[in-house]
Amino acid sequence: MEKQKEFSTIWETLGIANDFMFGKVMQDAELCKELLQRILPDLEIDHIEYPEAQKGIRPDVDAKSVRLDVYVRDGKGTVYDIEMQVSDTKELPKRSRYYQSMIDLQMIDRGEYYKNLKPSYIIFICPFDLFDKGRHIYTFRNICEEDNSLSLEDGAVKIFLNAAGKQDDVSSELKAFLDYVAGKESEDDFVQKLADAVKQARKNREWRHEYMTLLMRDQENIEKGMEKGMEKGIRKGIYGAISMCRDLGLSDAEILEKLQEKFSLSYEEAVQYMLDFDAGA
């Protein structure tokens, strides 16, 4: 009962920076289209087809499955995966590589020509600077190291947006959205639409129940993982718990709290375990 009350309070405070809320709000095709147009102003996006929130992809029983926040196509067949990523899990570049490969597998069937692969964009929206260069946007395409004017032209693009950017490197429209992700208020029309959509989403009883169910399931998985880890050895168990918490998108502060609680660690000990884990110890 106490957990349900806690989760209910969390639901009432969810904003656009939460991946679940973001996925629900982006089910509105017009909002999704406008966001993509702000991120990619040079593209002519006529319309968005079949918005799918939290799309799951699992190619076979042995491969790691992925759950995409927003997975959509435009009228030309170009595919866009938009991910809201609050915590820096130290693996986003390789995660973007895996997502792109999984999406490619969905595009063509056995026997089809590779030329049928449509362009795809993997977009991560982050409140932190993944590359510490102060930019609001980092766009990656495959180019030749020996001749930077030579592009592979494989149609694969990865974009990392940084809501904490300092440079004047994006349009005022995109900056207004990123400021909103960072928790700043804005009079921008699109941001106002998003804010209204978030308020309406919080009133959706079905989504509220779905979110609370996910929270309870994730909490149970963390508990089971920690208990199992303790049986296999404290250090290995702690590292397993950190990894699981990172996968679930918990902040460093939340992870430290759980480590102290479940493994009876001091704050300093918990911090040291996290530092050792990040260093690959």
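Relevant structure appears above.
Residues numbered from 1 in each chain as written. Predicted model: local features only at pLDDT ≥ 70, side-chain atom pairs only at ≥ 80, totals over all residues. Heavy atoms only, no water.

Engineer: Lay out the pattern of salt bridges with the relevant residues and their values.
Structural biologist: Taken as a whole, this structure holds eight salt bridges when the rule is applied. In this structure, Asp179 engages Lys175 in a salt bridge whose closest nitrogen and oxygen atoms are separated by 3.0 Å. Placement of both Asp179 and Lys175 in helix α5 (residues 172-181) is noted, with a separation of four residues, approximately one turn of the helix. The exposure class assigned to Lys175 is partly exposed, which follows from its relative accessible area of 34%. (Salt bridge = Lys/Arg side-chain N within 4 Å of Asp/Glu carboxyl O. Helix = DSSP H or I, 4+ residues; strand = E, 2+ residues; numbered from the N terminus. Buried < 20%, exposed > 50% of the residue type's maximum accessible area, 1.4 Å probe, protein only.)

Engineer: Give me the lowdown on the environment of Leu117, citing residues and values where you can.
Structural biologist: Position of Leu117 relative to the elements: it lies in the loop between α4 (92-107) and β4 (120-126). Taking the C-alpha atoms as reference points, Leu117 and Asp104, separated by 13 residues in sequence, lie 7.0 Å from one another. Leaving out residues up to four positions away in the same chain, Leu117 has contacts with Asp104, Met107 and Ile108. (Contact = heavy atoms within 4.5 Å.)

Engineer: Quick one: what's the story with α5, residue by residue and with numbers?
Structural biologist: Of all 10 residues in α5, seven are buried, a share of seventy percent or more. Taken together, the buried positions of α5 are occupied by Leu174, Ala176, Phe177, Leu178, Asp179, Tyr180 and Val181. Elements that come into contact with the buried residues of α5 comprise α3 (29-39), β3 (79-84), β4, β6 (156-162) and α6 (189-202).

Engineer: Give a detailed account of the side chain of Lys158, specifying residues and quantitative values.
Structural biologist: Its location among the elements puts Lys158 in strand β6. Buried charge without a partner: Lys158 forms no salt bridge, and the closest opposite charge is Asp154, 6.8 Å away. Apart from the residues within four sequence positions on either side, Lys158 is in contact with Ser96, Arg97, Gln100, Ile122, Tyr138, Thr139 and Phe140. (Lys, Arg positive; Asp, Glu negative; His and termini not counted.)

Engineer: Before we move on, can you summarise the packing of α3 against α6 with the specific residues and values?
Structural biologist: Axis separation between α3 and α6 bottoms out at 11 Å; the angle between their running directions is 140 degrees. One finds that α3 runs oblique with respect to α6. By crossing handedness, the relation of α3 to α6 is classed as left-handed. On α6, the residues touching Leu31, Glu34, Leu35 and Arg38 of α3 are Phe190, Lys193, Leu194 and Ala197. (Axes fitted to C-alpha atoms, helices over the stretch in contact; angles between N-to-C directions. Parallel < 35°, antiparallel > 145°, perpendicular 65-115°, else oblique. Left-handed = near helix turned anticlockwise from the far one by under 90°.)

Engineer: Residues and numbers for unusual backbone geometry, please.
Structural biologist: Negative phi is the rule for most residues except glycine; trans is the rule for most peptide bonds. One non-glycine residue, Asp132, adopts positive backbone phi at about 55 degrees. Residue position: Asp132 is located in the loop between β4 and β5 (137-140). One non-glycine residue, Glu153, adopts positive backbone phi at about 55 degrees. Here Glu153 shows up in the loop between β5 and β6.

Engineer: Describe the layout of surface pockets, naming the residues involved and giving the relevant values.
Structural biologist: Volume-wise, the second largest pocket comes out at about 160 Å³. As for the second largest pocket, its lining consists of Pro93, Ser96, Phe131, Phe140, Arg141, Asn142, Ala156, Lys158 and Phe160. Of all the secondary-structure elements, those providing two or more residues to the lining of the second largest pocket are α4 and β6. Top element by residues in the lining of the second largest pocket is β6. It accounts for three residues. Residues that form the lining of the second largest pocket fall into these classes: five nonpolar, two polar and two charged. (1 Å grid on protein atoms, 1.4 Å probe; cavity = no way out; pocket = protein on both sides within 12 Å on 5 of 7 lines; lining within 4 Å. Points joined across faces, edges and corners; volume = space filled by probe spheres on them. Nonpolar A, V, L, I, M, F, W, Y, C, P; charged D, E, K, R; others polar.)

Engineer: I'd love a proper account of the environment of Val79, names of residues and values included.
Structural biologist: Along the chain, the position of Val79 falls in strand β3. Exposure remark for Val79: the relative accessible area of 0% places this residue in the buried category. Between the C-alpha atom of Val79 and that of Leu117, which follows or precedes it by 38 residues, the distance is 9.9 Å. Not counting residues within four places of it along the chain, the set of residues in contact with Val79 comprises Tyr71, Val72, Arg73, Ile103, Met107, Pro119, Ser120 and Tyr121.

Engineer: How would you sum up helix α9 (residues 252-263)? Please name residues and give values.
Structural biologist: Along its 12 residues, α9 runs 16 Å from first to last C-alpha, staying within 8% of the 16 Å computed at 1.5 Å per residue. Taken together, the buried positions of α9 are Ile255, Leu256, Lys258, Leu259 and Phe263. Across the axial projection of α9, the buried residues extend over an arc of 165 degrees, all falling on one side. In α9, the exposed residues that point more than 90 degrees away from the buried face are Ala253, Glu257 and Glu261. (Expected span 1.5 Å × (residues − 1). Arc of directions from axis to C-beta.)

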